[in-house]
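# Chains, contacts and geometry: an overview
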Amino acid sequence: MLLQKEMIGAHFDRLERAPETGEKVVYTFVPGNLTELIRSFGALPLLPEINALQSGMRQKSRGYIAEAEKLGHSEDVCTYVKCDIGMAKTGNIGPTGTRLPKPDLLLLSYTGCYTFMKWFELLREEYDCPTVFLHVPYQGDGEITPEQREYMVRQLRDTVIPALEQVTGRRYDEDRFKEALRRSGRMEDDLVRVLQSAKRRPSPIDSYFGGVYYIGPIFSSFRGTPEGEEYYRTLREEVDERAALGWGPETPSGRLDRQKYRLVVEGPPNWTSFNDFWKMFSDEGACVVASTYTKVGGTYDLGFRHDAGDPLGTSADYCGGCYTNRNLPGRIDMLVDYVREYAADGFLINSVKSCNSFSAGQLLILREVEKRTGIPGGFIESDLVDPRYFSAANIKNRLESYLQMIDARKAGAAGEVHAK
Amino acid sequence: MNCFLGIDLGSTTTKAVLLAEDGSILGRGITNSRSNYDLAAKVARTEAYVTARFGLLRAEVVRAAGEPVLTHLLLAFRTEQTLRQLERLGVHLLEDLERAIPADRRAAVREAVEHILARLAAEEEAWFADPAREARSDFFRDVAASGYMRIAEQVSEAGGPSFDTLVGLFDKCILKVENEPMELGFQEHIPAALRRIGSPEAVALGVERATNAALEERNGVGTGYGRARLPFPKEQIRSEILCHGLGAHAMFPGTRTVLDIGGQDTKAIQVDGSGIVVSFQMNDRCAAGCGRYLGYIADEMNIGLHELGPLAQSSNRPARINSTCTVFAGAELRERLGLGEKREDILAGLHRAVILRAMSLLARSGGVQDEFTFTGGVAKNQAAVKALVRLIDENYGQRKLNISPESIYTGALGAAIFALRDVRPDVH
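The rules behind the values
Residues numbered from 1 in each chain as written. Chains lettered and ligands numbered in written order. Predicted model: local features only at pLDDT ≥ 70, side-chain atom pairs only at ≥ 80, totals over all residues. Helix = DSSP H or I, 4+ residues; strand = E, 2+ residues; numbered from the N terminus. Rg over C-alpha atoms; globule rule 2.2 N^0.38 Å. Buried ≥ 20, exposed ≤ 12 C-beta atoms within 10 Å, placed from the backbone. Contact = placed C-beta atoms within 7 Å. Nonpolar A, V, L, I, M, F, W, Y, C, P; charged D, E, K, R; others polar. Domains from an automatic or database assignment. Pairing = 2+ DSSP bridges. Axes fitted to C-alpha atoms, helices over the stretch in contact; angles between N-to-C directions. Expected span 1.5 Å × (residues − 1). pLDDT = per-residue confidence, 0-100. Core = buried A, V, L, I, M, F, W, Y, C linked by C-beta atoms within 7 Å. Arc of directions from axis to C-beta. Parallel < 35°, antiparallel > 145°, perpendicular 65-115°, else oblique. Left-handed = near helix turned anticlockwise from the far one by under 90°.

### Digging into the overall build of chain A
Regarding its fold elements, chain A presents 16 helices and 10 strands. Radius of gyration (C-alpha) of chain A: 21 Å, near the 22 Å computed for a compact globule of 420 residues. Principal-axis analysis of the C-alpha atoms places the extent of chain A at approximately 75 × 50 × 40 Å. Scored against the burial criterion, the 420 residues of chain A give a buried share of 52%. By sequence separation, contacts in chain A at least 24 residues apart represent 77% of the contacts at least 6 residues apart.

Here it is in structure tokens:
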């Protein structure tokens, strides 16, 4: 945790100094981020949705959202967008308290979320800077076809790389790019090992609330960097050690060794009441053993690794395979597999008001996963960073009801076995 | 006798159900919820024990003296309870006025308050004694308030202290009466109740047995909106969703889908053949379209809540109203009245809007299966039931609809069954 804080602090310091040092800044989003490529040009990535979620955690989002609404963005607009716009309009002070630089390039490399596109349109208006766009086809049929892959590779080669060359004034350096991709592959191995440690009993990690910290560096600016590689090695060692000691994760209710419920969670967390939300789980002895949110920046546990042997092809594969680019049957398969492989007692959907990429079809997912696993699902509703949509009493009520429902069913099943 | 208690601490009322070891219902109690949650739970519990003891003496008294004597005894008991509460109200009023009223007006206010209290007590005795008495609220707070206001108005019109002065005193003191511990139990008031009906020899034995029957509370489970505030350990607190599901199953064992529309939330619940919840949805982020919505509409139209349903049912052309936002609906109501639409048509439209919102929750929880049980305060409203039946028929086909006259106790009943099963897992 300390290591991560240092890394992020150093990155934001560098971003703040960028206008003086001349380092170029590329705004981009988490799903389908091309961090290795951006960094191979010596540019620094900056991720607006990470800033928005950080603003939510630091209780700044309410004011930023109000600011954006004053500018005419309606209540129904994604709150990440409004939070970011509001922040930009009130001094652009980032999550670590430093001023954020203006972008030299807006690189939209994941288009499955149309809000991302509109978001960058607004930022382009604001900053009047070059914009480049990698169109990633949606996995409507559950796979990326060779033609689609080729389509993405061509865009990378013909559009994205030239744009980066122009903005940074550097030539594309494939060796440097490949070196980063090799590091990415090793980081991904370590991350998967950490996430899969949750198959143990007790699980040494919480794969949702704790998980968002574990994915932080690799999903944001550090994939393929030496400090990123160091971070994941250290994390893997720490988690291995906890697993060997039989320790559960650290939670707001202390170390959770006694894990009464093993849950799979679908959907992003709420950020404005993150700790309270987590505590509702940990107070009840609920540990999340697998989550889909920790796959928005890459579905590494399904086998994908960045491959230095085919730098542009692997980048295309990566972009196409992000969780929100998967179709509904693909998402259902993942959840069903998680419930089985992680021996979960239940699965829960946190449906957020802001995000249609996640929320559309979630009830259908719920029913289908219930049918295929025979385990009842739970459903709670909140939002990403708008505190007005986090009703603590209501969410606690639903969560407790759901956990008690699991108990009642277990007791019922035990009774049936008894009777037979 | 071993018994098991379930308490449902709701936002408007607090309910208690007492079960015997075989799962049969011994007694039920209800009171209005108040700022002191512990006390609300205690009052409801005491009431459940009162009805349980009356249940115990019932057969004996009816056999020895006949049904009218039993009714007479029960009414006498209620009279004693009410007089006891009036007496406490009087003590507070007289104490308070000494502090709150300036010396020059104090004597006049004291005289007025004593007059109101005396009349109230007399009216209460008369009401309980009147075979043709009109139905009214079961809660002391409502009964005392309506009588006090009426008499205070007359007193002040006749040249007494101002109405505001008298009501100001009442408002403060009724809260004190509601939030102070008070003995309203069977043992405390049955002797006086017996004397009130002339201590007939024939009932003495039954009363004595019921008084001395050992009711041993083996376990209790709390549920409802305020459950976290109940004086129970965590293991004895259950979610109202589970309790409603189980309670509905106990009332109607064929139940598979439950809809509960309460004061501030709406729950759509699916249960299995044992009453265990398999899926549920409830209103989120706001309480639009819950029972309180209808309460607000009744206030806006200046009619009683119980008059809403009958009025709406007389409509032939329900208005199309989509908003379940309570405040918007109020505005829409006034606008449509201004345009000359009929009250009953608007009301029918409002009832439909409430039910449409519930339909969405039902759909999201997994639809409406057979049998379907409707609970909560809104289940008493015939216009809401009519709209519900029609929409279910249109969307899911015909379903058997269950509505119990005791549906308000559904959650408390479920809680009591959990309390019983925790100790006796073999009882179903």
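### Brief notes about the overall build of chain B
Tallying secondary structure elements over chain B gives 14 helices and nine strands in all. The C-alpha radius of gyration of chain B comes to 24 Å, within 12% of the 22 Å expected for a compact globule of 428 residues. Within chain B, buried positions represent 45% of all 428 residues.

### What to know about the interface of chain B and chain A
Each partner contributes to the interface: chain B provides 16 residues, whereas chain A provides 17 residues. Elements with a minimum of two residues in the side of chain B that touches chain A: α8 (240-251) and β7 (277-282) of chain B. Per-element tally for the side of chain B that touches chain A: the top contributor is β7(B), with six residues. Split by residue class, the side of chain B that touches chain A holds eight nonpolar, four polar and four charged.

### Here we look at the domain arrangement of chain A
Residue and element names in this part refer to chain A. Assigned domains of chain A: these are domain 1 (7-174) and domain 2 (178-419). The gap between the C-alpha centroids of domain 1 and domain 2 is 24 Å. Counting residues at the interface gives 47 residues for domain 1 and 42 residues for domain 2. Those elements giving two or more residues to the side of domain 1 that touches domain 2 turn out to be α1 (2-21), α2 (35-40), α3 (48-57), α4 (61-70), α5 (79-89) and α7 (146-168).

### Considerations on the sheet that holds strand β9 (residues 346-352) of chain A
All names here are of chain A. Strand order in the open sheet made by the four strands is β8-β7-β9-β10, with parallel pairing throughout. The outermost strands of the open sheet, each flanked by one partner alone, are β8 (286-291) and β10 (377-382). Going from strand to strand, the sheet's axes swing by 35° on average, the running direction of each strand aside.

### Thoughts on the sheet that holds strand β2 (residues 44-46) of chain A
Residue and element names in this part refer to chain A. Here we have four strands laid out as an open sheet, ordered β2-β1-β3-β4, and parallel in their pairing. With partners counted over all chains shown, the strands left at the sheet margins are β2 and β4 (131-133), one partner each. Strand-to-strand twist in this sheet, taken as the mean axis angle between neighbours without regard to direction, amounts to 30°.

### Observations concerning helix α14 (residues 410-423) of chain B
Residues and elements named next belong to chain B. The end-to-end C-alpha distance of α14, which contains 14 residues, comes to 21 Å, matching closely the 20 Å that a straight helix rising 1.5 Å per residue would cover. The element α14 is largely enclosed, with a buried count of 12 among its 14 residues. Burial in α14 covers these residues: T410, G411, A412, L413, G414, A415, A416, I417, F418, A419, L420 and R421. Looking at the buried side of α14, the elements it contacts are β1 (2-9), β2 (13-20), β4 (216-223), α8 and β8 (372-375).

### Notes on the confidence of the model for chain A
Summarising the model, chain A shows a mean pLDDT of 94, and 98% of its residues fall at 70 or more. Across residues 416-420 of chain A, confidence stays below pLDDT 50; counting only partners more than four residues off in sequence or on other chains, it has zero contacts.

### Structural notes on the nonpolar core
In this structure, A:L263, A:V264, B:L18 and B:A416 are the most contacted members of the largest nonpolar core, which totals 215 residues. Top contributing element to this core by residue count: helix α1 (residues 37-65) of chain B, with 12 residues. Viewed by domain, this core spans two of them, domain 1 (7-174) and domain 2 (178-419) of chain A, each represented by three or more residues. Every residue in contact with B:L18, bar those within four places of it in the chain, is listed here: B:C3, B:L5, B:L26, B:G27, B:A48, B:Y49, B:A52 and B:A416.

### Notes on helix α6 (residues 114-127) of chain A
Residue and element names in this part refer to chain A. With 14 residues, α6 should cover 20 Å at 1.5 Å per step; its first-to-last C-alpha distance of 20 Å lies within 8% of that length. Within the span of α6, buried status applies to F116, W119, F120 and L123. Each buried residue of α6 sits inside an arc of 95° when the element is viewed along its axis, so together they form one side. Every exposed residue of α6 that faces more than 90 degrees away from the buried side is listed here: Y114 and E125. Of the surrounding secondary structure, the elements contacted by the buried residues of α6 are β1 (25-27), α5, β3 (105-108) and β4. Of the residues trailing α6, D128 is marked for its positive phi of about 50°.

### What to know about the environment of B:G367
Residues and elements named next belong to chain B. Here G367 is to be found in the loop between α12 (343-365) and β8. Spatially, the C-alpha atoms of G367 and R399 are 12 Å apart, while their sequence positions differ by 32 residues. When sequence neighbours within four positions are dropped, the list of residues in contact with G367 reads L362 and Y396.

### Remarks on the packing of α12(B) against helix α13 (residues 382-396) of chain B
For any two helices packed against each other, the geometry is given by the interaxial angle and the distance between the axes. Residue and element names in this part refer to chain B. α13 packs onto α12 with a crossing angle of 50° between their chain directions and a minimal axis gap of 9 Å. Of the possible angle classes, the one that applies to α12 and α13 is oblique. The handedness of the crossing between α12 and α13 comes out as right-handed. For the pair formed by α12 and α13, the contact residues are A348, H351, R352, V354, I355 and M359 on the first element and A383, A384, A387, L388, L391 and N395 on the second. Here the contact of α12 with α13 is built from residues that sort into nine nonpolar, two polar and one charged.

### Concerning the pairing of β2(B)
Residues and elements named next belong to chain B. Among the eight residues of β2, seven are classified as buried, and the element is accordingly described as predominantly covered. Where β1 meets β2, seven bridges bridge the pair, whose relative direction is antiparallel. Its bridge partner being in β2, L9 is matched across the sheet by T14. Sheet topology places β2 next to strand β3 (residues 25-32); seven bridges connect them, and they run antiparallel. When the sheet's bridge partners are listed, L19 is paired in β3 with I25. The hairpin formed by β2 and β3 contains four residues between the paired strands, and G23 there has a positive phi angle of roughly 90°.

### Some remarks on the confidence of the model for chain B
In this model, chain B carries an average pLDDT of 90, and 98% of its residues clear a pLDDT of 70 or more. This complex was scored by the predictor with a pTM of 0.85 and an ipTM of 0.77.

### Some points on the environment of A:G377
Residues and elements named next belong to chain A. Structurally, G377 can be placed in strand β10. Judged by the 24 C-beta atoms lying within 10 Å of it, G377 falls in the buried class. Distance in space between the C-alpha atoms of G377 and L107 is 38 Å, their sequence separation being 270 residues.

### Re unusual backbone geometry
Residue A:R201 is joined to A:P202 through a cis peptide bond whose omega torsion reads -5°. Position of A:P202 among the secondary structure elements: in the loop between α8 (174-196) and α9 (211-219). Along the chain, B:D370 connects to B:E371 via a cis peptide bond; the corresponding omega equals 0°. Relative to the helices and strands, B:E371 resides in the loop between α12 and β8. Phi is positive for A:N92, which is not a glycine, with a value near 55°. Here A:N92 lies in the loop between α5 and β3. You will see that A:D128, though not glycine, has its phi angle at about 50°, which is positive. Within the secondary structure, A:D128 is located in the loop between α6 and β4.

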